[in-house]
Amino acid sequence: MNIPGAPTRARTVRRLLAAAGAGVVMATLFGASAAQAEDLRVMNSGGFTAAYKLLLPKFEAASGDHVDTAWGPSMGRAPEAIPNRLARGESADVVIMVGYALDDLIKAGKVRADSRVDLADSRIGVVVKAGDTVPDVSTPEKLKAALLAAKSVAYSDSASGVYVERELFRKLGIADEMRGKAVMVQKTPVAEKVAAGDYAIGLQQVSELLPVKGIAYAGKIPESLQSVTRFAGGVPVTAPHPDEGKKLLTYMAAPSAAKDVESTGLDPLTH
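Residues numbered from 1 in each chain as written. Predicted model: local features only at pLDDT ≥ 70, side-chain atom pairs only at ≥ 80, totals over all residues. Heavy atoms only, no water.

**Student:** Can you lay out the side chain of S160 for me, pointing to particular residues and giving the numbers?
**Tutor:** Mapping S160 onto the fold places it in helix α6 (residues 159-172). Judged by its relative accessible area of 2%, S160 falls in the buried class. Beyond its immediate stretch of four places on either side in the chain, S160 contacts I124, Q204 and Q205. (Helix = DSSP H or I, 4+ residues; strand = E, 2+ residues; numbered from the N terminus. Buried < 20%, exposed > 50% of the residue type's maximum accessible area, 1.4 Å probe, protein only. Contact = heavy atoms within 4.5 Å.)

**Student:** Give me the sheet that holds strand β2 (residues 66-71): which residues, what numbers.
**Tutor:** Strand order in the open sheet made by the six strands is β2-β1-β3-β10-β4-β11, with mixed pairing throughout. For this open sheet the edge positions go to β2 and β11 (267-268), each flanked by a neighbour on one side alone. As paired strands, strand β4 (residues 117-122) and strand β10 (residues 229-234) are joined by five bridges and run antiparallel to one another. Across the sheet, residue D118 finds its bridge partner in β10, namely A232. Each of β1 (39-44), β2 and β3 (94-98) touches helix α2 (residues 49-63); the most contacted strand, β2, lies at about 165° to it. Against the sheet, helix α4 (residues 99-107) touches β3 and β10, its axis set at about 130° to β3. (Pairing = 2+ DSSP bridges. Axes fitted to C-alpha atoms, helices over the stretch in contact; angles between N-to-C directions.)

**Student:** If you had to explain the packing of aromatic side chains to someone new, which residues and values would you point to?
**Tutor:** Tallied over the full model, the rule gives three aromatic pairs. Centroid distance Y52 to W71: 5.7 Å. Interplanar angle 90°. Geometry classified as edge-to-face. With Y52 in helix α2 and W71 in strand β2, this pair connects stretches of sequence that are 19 residues apart. According to the relative accessible area criterion, Y52 is buried, its value standing at 1%. Here F59 and Y251 contribute two aromatic rings whose centre-to-centre distance is 5.7 Å and whose plane-to-plane angle is 65°, an arrangement assigned as edge-to-face. (Phe/Tyr/Trp six-rings, centres within 6.5 Å; stacked < 30°, edge-to-face > 60°.)

**Student:** Let's hear about the nonpolar core: which residues, and what values?
**Tutor:** Grouped together as the largest cluster of nonpolar side chains are 42 residues, with contacts concentrated most on F48, Y52, V67, V95, I96, L119 and M252. With 23 residues, the next largest nonpolar core counts A150, V164, F169 and I174 among its residues. (Core = buried A, V, L, I, M, F, W, Y, C linked by side-chain atoms within 4.5 Å.)

**Student:** So what about the pairing of strand β5 (residues 124-129)? Which residues, and what values?
**Tutor:** In terms of burial, β5 is largely enclosed, as five of its six residues are buried. Across five bridges, β5 lies against strand β8 (residues 201-205) in antiparallel orientation. The residue of β8 that forms the bridge with I124 is Q205. Bridging between β5 and strand β9 (residues 215-220) involves five bridges; their strand directions are antiparallel.

**Student:** So what's going on with the pattern of salt bridges? Which residues, and what values?
**Tutor:** Counted by the stated rule, this structure contains 15 salt bridges. Note that K142 and D136 form a salt bridge whose closest N and O atoms lie 3.1 Å from each other. For K142, a relative accessible area of 39% translates into the label partly exposed. For D136, a relative accessible area of 39% translates into the label partly exposed. Between R179 and D176 there is a salt bridge, with its nearest N and O atoms 2.2 Å apart. Each member of the pair R179 and D176 is classed as exposed. Each of the salt bridges in this network shares a partner with another, and the network as a whole consists of D103, R116, D118, D121 and R230. (Salt bridge = Lys/Arg side-chain N within 4 Å of Asp/Glu carboxyl O.)

Structure representation (structure tokens):
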């Protein structure tokens, strides 16, 4: 027997059940109520900053958690560097940093090995001060010419800068010429120094260059010379809220985050 309205009621029931199922998933991932919300602390390095700032408000809205963020490079001598923060006993629920630097912390017993989550890849780009002639850096020869012609060159104290200093100049055959005019910038984003006129050319990961005002973006260095940096996150062994920290990383690595990640100059790992 056909009952009037039965198909409509059946569809309504299915939609309600699906919604209930989605609610269960959300509750499982983020917690069922505001009473379960936590205050989390994240240590984040520069390369993932722009994507993180886009995604964090969405995570807080979905989870109810509040997140405080400490900033610092993935490595180096600066007191703000994430390994140095952890060595001093600073507390964190999540660290987001260059993948191989995170692996060093895992080997040292500072970060849980089972908590590691890959987030995005980053490539190196070039900037000059806004208003200056923007060099063509599209081929190795043109990049070499631009660096040789520049009065000064700046690069970061994190992964991209280590590569520039130890490998890029050597691959271009200009290591000797760069001595004395190429400088590793501590703590401050390279593009800010270029925008201020302190250096003529800056090299850093694209995601760290693009948010800075007062610069002109010349482009990525040629792929044949490129160093791809993987950003990843993990949960310190002393994290006060390890489960919530892992949920934050899972959220930022999800396919739903890919568009935001890509908009900041990073290459998402999922789509």
